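# Descriptive analysis of the structure
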Amino acid sequence: MQFTVYAAIGALIGFFSGLLGIGGGAVQTPLTVLAFEAHGLPREHIAHIAVGTGVASIAFTAAASTLAHHRHGAVDWSLLGRLTPGLVAGGFAGGYVAQLLPTAWLAIVLAVFIGYASAAMAFELRPAPHRGLPGAAGLAALGTAVGMMSTLVGAGGAVLLVPALTWFNVPFRRAIGTGAAIGLPIAFTGTIAHVLGGLGEPGLPEGAVGYVWLPALVPFVIASMLLAPAGARLSHRVPVRTLRRVFAGTMFLLAIRMAWSLARG
């Protein structure tokens, strides 16, 4: 039964990763927390294990989604290369800081940003036509911010990066494909940080490697990798306007979920 539940969560995340480039952590984490509570995992470790396991699964989901988008020519590898140093640095920093600091204030900032970005996409607010991508320093800063925030709150980096890239006039489908690809460096560095952060922690369940729990990771990975290509194929068949609105609606729901979680404490 637990395998089926985790596989269902993985399938949902994999499909949306392919469709919208979203890694899915902001959706996967609360669902995983509920599943872990039902499974009887130690309550004091559930939140960290949910985030750590979710980040680890993103690496595999992102690989399947990125390959599918690459076949459609929708991944800007040059841009990804310029963002990666910041993503790696931010991912490592966020993974360690997450073990030390409460992240409620970061979630507030993220919820406000996501809410604004979703409204801008829903109402099709256009950036200035002359605006282009920033230079090396600006892209490094953007990558660092995305990597740190993603790892801290367990949210996929595309939720932050796709609106930023469209603000810089990157075509929407290319922004989605590149957003899917950034899950690779974020997940890799974030997974290492969560594994190292949980090593030696007493009371972790059997099958845990640091804060990554393998009995949930395996079904997450299998189901998400199967569904990610289907979502990516669909993203290249629906009109861009429809795709923007679906992305905006999904981001708005994520912002509402974060605000509700904070209101409940």
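In this model, N169 sits at a positive phi of 70°, which is unusual for a non-glycine residue. When you line up the elements, N169 lands in the loop between α7 (158-167) and α8 (172-181). Judged by its relative accessible area of 32%, N169 falls in the partly exposed class.

A few words now on helix α1 (residues 2-20). Across its 19 residues, α1 extends 27 Å between first and last C-alpha, which sits within 8% of the 27 Å expected from 1.5 Å per residue. Turning to α1, its buried residues number three or more, namely Y6, A7, I9, G10, I13, G14, S17, G18, L19 and L20.

Okay, the packing of α8 against helix α9 (residues 183-198) next. Closest axis-to-axis distance for the α8/α9 pair is 5 Å, and the angle between their directions is 20°. In terms of their interaxial angle, α8 and α9 are classed as roughly parallel. Between α8, through G179, A180 and A181, and α9, the contact on the second element is made entirely by G183, L184 and P185. Class assignment of the residues belonging to the contact of α8 with α9 gives a composition of 4 nonpolar, 2 polar and no charged.

The next point concerns a nonpolar patch on the surface. A contiguous nonpolar patch, built from F3, V218, I222, L226 and L227 and spanning about 470 Å² of accessible area, is present on the exposed surface. Broken down by element, the residue count for the nonpolar patch peaks at 4 residues, all from helix α10 (residues 214-235). Residue classification places V218 among the partly exposed positions, given a relative accessible area of 44%.

What follows concerns the side chain of T66. Looking at the element boundaries, T66 is found in helix α3 (residues 43-71). We classify T66 as buried; its relative accessible area is 3%. A distance of 3.4 Å separates a polar side-chain atom of T66 from the backbone nitrogen of A181. Ignoring any residue separated from it by four or fewer positions in sequence, one finds T66 in contact with V75, W77, A180, A181 and L184.

It is worth spelling out the nonpolar core at this point. Counting 27 residues, the largest nonpolar core has L83, L142, V146, V162 and I182 as its most contacted members. Elements supplying a minimum of two residues to this core: α1, α4 (77-97), α6 (136-153), α7, α8 and α11 (240-263). The element best represented in this core is α7, accounting for 6 residues. Setting aside residues up to four positions removed in sequence, L142 forms contacts with L83, L161, A164 and F168. Among the nonpolar cores identified, the runner-up in size contains 13 residues, and I9, F36, L41 and I49 belong to it.

This part takes up the pattern of salt bridges. Using the criterion set out here, one finds 1 salt bridge in the structure. Notably, a salt bridge pairs R43 with E37, separated by 3.8 Å at the nearest N-O pair. Under the relative-accessibility criterion, R43 is labelled exposed at 64%.

It is worth spelling out α9 at this point. The terminal C-alpha atoms of α9, which comprises 16 residues, lie 22 Å apart, in line with the 22 Å expected from a rise of 1.5 Å per residue. Burial in α9 covers these residues: G183, P185, I186, A187, T189, G190, T191, A193, H194, V195 and G198. G200 sits one or two residues past α9 and shows a positive phi near 80°.

Glancing now at the environment of L196. Among the secondary structure elements, L196 is positioned in helix α9. The exposure class assigned to L196 is partly exposed, which follows from its relative accessible area of 43%. For the pair formed by L196 and G210, sequence separation is 14 residues and the distance between their alpha carbons is 6.1 Å.

About the cut-offs
- Residues numbered from 1 in each chain as written.
- Predicted model: local features only at pLDDT ≥ 70, side-chain atom pairs only at ≥ 80, totals over all residues.
- Heavy atoms only, no water.
- Helix = DSSP H or I, 4+ residues; strand = E, 2+ residues; numbered from the N terminus.
- Buried < 20%, exposed > 50% of the residue type's maximum accessible area, 1.4 Å probe, protein only.
- Expected span 1.5 Å × (residues − 1).
- Axes fitted to C-alpha atoms, helices over the stretch in contact; angles between N-to-C directions.
- Parallel < 35°, antiparallel > 145°, perpendicular 65-115°, else oblique.
- Contact = heavy atoms within 4.5 Å.
- Nonpolar A, V, L, I, M, F, W, Y, C, P; charged D, E, K, R; others polar.
- Patch = residues over 30% accessible without salt bridge, like charges linked within 9 Å, V, L, I, M, F, W, Y side chains within 5 Å.
- Areas by Shrake-Rupley, 256 points an atom, 1.4 Å probe, with all protein chains shown as cover.
- Salt bridge = Lys/Arg side-chain N within 4 Å of Asp/Glu carboxyl O.
- Polar contact = N/O pair within 3.5 Å; in protein donor to acceptor, adjacent residues only side chain to side chain.
- Core = buried A, V, L, I, M, F, W, Y, C linked by side-chain atoms within 4.5 Å.

Keep in mind that these numbers describe shape and distance, not what the molecule does.
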